[in-house]
Amino acid sequence: MTPRKDLLTIESLSTEEIHAILDSATEMKAAFLRDGEQLPNLHGRSVLTLFYEPSTRTRSSFELAARRLGADVTTFTVATSSVVKGESVHDTIDTLMSMKVDYIIVRHKNSGIPAVIGRHCKAAVVNAGDGAHAHPSQAFLDAFTIREKYGTVAGKRIVIIGDILHSRVARSTSNILRRLGAEVAYMGPGPLVPPTAHTGIPRFTDWDAVFEWKPDVIYLLRVQNERIDTPFFPAADYHRSFGVTEERLQRIADLDLSIMHPGPVNRGVELCDAAMDYRNCLVCNQVQNGVVARMAILNHLTPATL
Amino acid sequence: MNHTYIKNATWAPNGAAYDFRLSLGGCGSTPCIDGLPLTGVDAIAPAGTMDIPAGATSVIDATGKLILPALFDLHAKVEIDGRNKREAISRAGQAAQQGGVWGMVIMPTKGFVFDNAASLDFFRHAVTNRSVTEMMPAGCITMGCEGEQQAPYNTLAARGVNILSDGEHVPSNLLMLHRAMKYAAELGLTFAIRGDVPALTEKTYAHPSTTSYRLGLHGTPACAEEIGIETVLRLAADAGAKVHIQTVSTAEGVEIIRRAKASGKVKVTAEVALHHLLYTHEAIGDYDTTFKVIPPLRDAADRDALLAGVKDGTIDCIVSDHTPCIPFAKKQDFISAPQGMTALDFYLPTLYTELVKPGKLTWAELVRACCTAPAAIAAPSDDEGLPAAIPLLLFDPAETVTVSADNLPSGTLNTPLLGKAVCGGVTLPL
């Protein structure tokens, strides 16, 4: 495998690399579960998290992953930085590179920013979410969680439910799952699910069609009202139309399906309360696997600073 | 008197060969071919029949070359953000001349706000002193192109303005626009407006397609353009104003204009940007900001309908929509980067290489769409007349040029031609 500098999208990876990262995540998990064990892989390296959008979970997960690999971690807080004074992304990156950063974990509301940064600097750039484009580390933790649960991803059926249009998770996770041989379908409010002609992914409009399709995993996306200025659908309808209600939870339990969600969950919107306690609700597994998947990702990349 | 002779040049629109006698300063009468008055020519004869004196010092043998009227561009911008305005005018003029363009209409931009006499005077002075190409400013529809308060149309018209446009902006206040049209109709001014409903296209960056989905870019619905065109046409019909629809990008947009022309109820002309005839949304690839344009690049069916519209005359003209952007601006991410690409530097060679050479457009159609029709729309008269005269250019289809930073006088690099070869050498002026 040729050394890879940046992780920007799932599309950009070879299938061999995807498998290699997932395999290494398995090893990382064993180490992670041994309390307090720190691996030496990134010893002496400097990792910087640069989040232009609010995030606690993804950022903490990356920071924990970097520390477990022995790296120094710096948090660049955009809200109190020169960025609010109008500094361009290019100039921010030049400043950071002068501080000899080896890895930059970036999140931004604009699709495509991590690629611009990756081209511009020698540090390894990890896309921690850019607009509605990609969220590859989420894709890895999702694929890893399904593989852990079922032994394989190939042949599984996953339906992703919710706001597909604005979701980088839907794009990256469907991408990795299909690359690994799974089948993916989408369901959600009409204006928020792009046509199959654009996505190549079958599109359902109601739960009956979803159950008929015989999925293994029900993957719910968070309703991101904070991203939407003009509503795409009447919010009051969401739970009744697309959420996991008590009744649907019963059906899911009867069929022994799994539930996944990238978090944070809006209780009573995507999921009823009881769904969070359902035996096959994998939400907490996803969070834990997030750390190990991110350890595997950091370990896989080779900054040009070395 | 010392004349320049051009022997055996092929008149591009009809393929016949002629000899030409040129005289600087003109001689009073201006000869015509196909009804086109030709500047700087004082005699025309069928090839081989012109009497060329033995002592003539300046004789060009144009065998194998084409002669045609130089092009007129109805839609260009000259401003280069952050650079000197006079230099920007000078560069655009050089780029246009290299591309075979003798004159163009310049759209208002942030730095060139043509809503008052002083800014028009500054512009005209700079053009006279710095530009090798004729440039006619389009006056603003609204003060500052902000969409609310009407610009002083009579003041602008007195400074030679014939076309009104808010540039990239489309007025959304229909009451203002309706009243403006009623008023300006009596001044004989033409409203150049793009079909758009800003509320539907705000924060959108690409045609809704596989590309917009793959890149996570919000899609610009075609219906916004179509509703916008219908709206402008109905306002203009009611107000009796002349309207010119800018940069049509959708198949249905062409169809709406076709129906409006057939109805005869509205004085409408329309244009398409060259890039919409050449590229589709797939060209964006992995966020190539060169291909970020407004309206966005659409799909192949739209592109084909636009070309068909040019061929049947529904779309009167092809325009450059030349928009220079400094390299740093286009190095930003796709959402932050400014829209637009440059086209003037190799305008005629691109038209030839991509459309005429592959047989998609005839020379006669090209001359209509890129010279006579746009020049007539921009003409100062109310009678659809052509400007007093149109200069000629020589075109050598056998020449090939590789586009590089060294041969782009517009001075910016935001062109998809960079590194590519185009066919055709332009000689202008003769």
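Structure shown above.
Not measured: the values here are computed from a predicted model.

What about the side chain of Ser61(A)?
If you trace the backbone, Ser61(A) turns up in helix α2 (residues 57–68). Not counting residues within four places of it along the chain, the set of residues in contact with Ser61(A) comprises Gly290(A), Val291(A) and Arg294(A).

Thoughts on unusual backbone geometry
Following Gly263(A), the chain continues into Pro264(A) via a peptide bond in cis, with omega recorded as -15°. Following the sequence through the fold, Pro264(A) ends up in the loop between β9 (258–260) and α11 (273–276). Cis geometry is found at the peptide bond from Ile294(B) to Pro295(B), where omega equals -10°. Here the phi dihedral of Cys145(B) falls at roughly 55°; this positive angle occurs in a residue that is not glycine. Relative to the helices and strands, Cys145(B) is located in the loop between β10 (134–137) and α3 (153–158). In this structure, Tyr287(B) takes a positive phi of about 60° despite not being glycine. Topologically, Tyr287(B) is positioned in the loop between α9 (274–278) and α10 (300–311). Judged by relative accessible area, Tyr287(B) falls into the buried class, the value being 6%.

Overview of the sheet that holds strand β3 (residues 103–108) of chain A
Residues and elements named next belong to chain A. One open sheet holds the four strands; their spatial order is β2-β1-β3-β4, and the pairing between them is parallel. Every other strand in the sheet has two partners, leaving β2 (72–77) and β4 (124–130) as the edge strands with one partner each. The average angle at which neighbouring strand axes cross in this sheet is 15°, direction not considered. The pairing of strand β1 (residues 46–51) with β2 spans six bridges and is classified as parallel. Within β2, the residue paired with Val-47 across the bridge is Val-73. The sheet strands contacting helix α4 (residues 113–120) are β3 and β4, and the helix crosses β4 at an angle near 170°.

Regarding the pairing of strand β8 (residues 71–76) of chain B
All names here are of chain B. Burial runs high along β8: six of the six residues are buried. With four bridges connecting them, β8 and strand β9 (residues 101–106) associate as parallel partners. Paired with Phe-72 across the strands is Gly-103, a residue of β9.

Let's talk about the nonpolar core
Among the nonpolar cores identified, the biggest contains 131 residues, and Phe20(B), Met181(B), Phe191(B), Ile245(B), Ile318(B), Trp363(B) and Leu366(B) are the most heavily contacted of them. Per-element accounting of this core gives the leading share, nine residues, to helix α13 (residues 363–378) of chain B. Setting aside chain neighbours within four positions, we find Phe191(B) in contact with Ile141(B), Leu164(B), Leu177(B), Ala180(B), Met181(B), Ala184(B), Ala241(B), Lys242(B), Val243(B) and His244(B). Judged by nonpolar contacts, the second largest core, of 59 residues, contains Phe32(A), Leu39(A), Ala71(A) and Met260(A).

Points about the packing of helix α1 (residues 15–33) of chain A against helix α12 (residues 283–300) of chain A
All names here are of chain A. At a minimum axis distance of 8 Å, the contact between α1 and α12 shows a crossing angle of 120°. Comparing the axis directions of α1 and α12 gives the class oblique. Like other packed secondary-structure pairs, α1 and α12 cross with a definite hand, here right-handed. Note on element contacts: α12 touches α1 through Gln-288, Asn-289, Val-291, Val-292, Ala-293, Met-295, Ala-296, Ile-297, Asn-299 and His-300, opposite Glu-17, Ile-21, Ser-24, Ala-25, Met-28, Lys-29, Phe-32 and Leu-33. The residue makeup of the contact of α1 with α12, split by class, is eleven nonpolar, five polar and two charged.

Points about the pairing of strand β16 (residues 392–402) of chain B
All names here are of chain B. The pairing of strand β7 (residues 66–69) with β16 spans four bridges and is antiparallel. Its bridge partner lying in β16, Pro-69 is registered against Leu-392. Note that β16 and strand β17 (residues 421–427) share six bridges and pair antiparallel. Bridge pairing links Leu-394 to Thr-427 in β17.

Regarding α1(A)
Residue and element names in this part refer to chain A. With 19 residues, α1 extends 27 Å between its outermost C-alpha atoms, agreeing within 8% with the 27 Å of an ideal straight helix rising 1.5 Å per residue. Considered for burial, the residues of α1 that qualify are Glu-17, Ile-18, Ile-21, Leu-22, Ser-24, Ala-25, Met-28, Lys-29, Ala-31 and Phe-32. On the buried face of α1, the contacting elements are α2, α5 (136–150), α6 (168–179) and α12.

Quick notes on the interface of chain A and chain B
Between chain A and chain B, the contact holds 22 residues from the first and 18 residues from the second. Across the contact surface, chain A and chain B share zero salt bridges. At the junction of chain A and chain B, the tally comes to seven residue pairs in polar contact (both at pLDDT 80 or more). Sorting the residues of the side of chain A that touches chain B by element identifies α4, α6 and α7 (196–199) of chain A as the ones contributing at least two each.

Considerations on the pattern of salt bridges
Taken as a whole and judged by the stated rule, the model has 26 salt bridges over all chains. Of the charged contacts in the structure, one is a salt bridge between Arg34(A) and Glu37(A), with a shortest N-O distance of 2.7 Å. Given the relative accessible area of 28%, Glu37(A) is considered partly exposed. With its nearest N and O atoms 3.5 Å apart, the salt bridge here joins Asp81(B) to Lys110(B).

A closer look at helix α8 (residues 251–263) of chain B
Residues and elements named next belong to chain B. For α8, built from 13 residues, the straight-helix expectation of 18 Å at 1.5 Å per residue is met to within 8% by its first-to-last C-alpha distance of 19 Å. Of all the residues in α8, the buried ones are Gly-253, Val-254, Ile-256, Ile-257 and Ala-260. All buried residues of α8 fall inside an arc of 160° around its axis, so they share one side. Here the buried face of α8 lies against α7 (222–239), β13 (242–246), β14 (267–273) and α10. Backbone geometry just after α8 places Gly-264 at a positive phi near 70°.

Rules used throughout
Residues numbered from 1 in each chain as written. Chains lettered and ligands numbered in written order. Predicted model: local features only at pLDDT ≥ 70, side-chain atom pairs only at ≥ 80, totals over all residues. Heavy atoms only, no water. Helix = DSSP H or I, 4+ residues; strand = E, 2+ residues; numbered from the N terminus. Contact = heavy atoms within 4.5 Å. Buried < 20%, exposed > 50% of the residue type's maximum accessible area, 1.4 Å probe, protein only. Pairing = 2+ DSSP bridges. Axes fitted to C-alpha atoms, helices over the stretch in contact; angles between N-to-C directions. Core = buried A, V, L, I, M, F, W, Y, C linked by side-chain atoms within 4.5 Å. Parallel < 35°, antiparallel > 145°, perpendicular 65-115°, else oblique. Left-handed = near helix turned anticlockwise from the far one by under 90°. Nonpolar A, V, L, I, M, F, W, Y, C, P; charged D, E, K, R; others polar. Expected span 1.5 Å × (residues − 1). Salt bridge = Lys/Arg side-chain N within 4 Å of Asp/Glu carboxyl O. Polar contact = N/O pair within 3.5 Å; in protein donor to acceptor, adjacent residues only side chain to side chain. Arc of directions from axis to C-beta.

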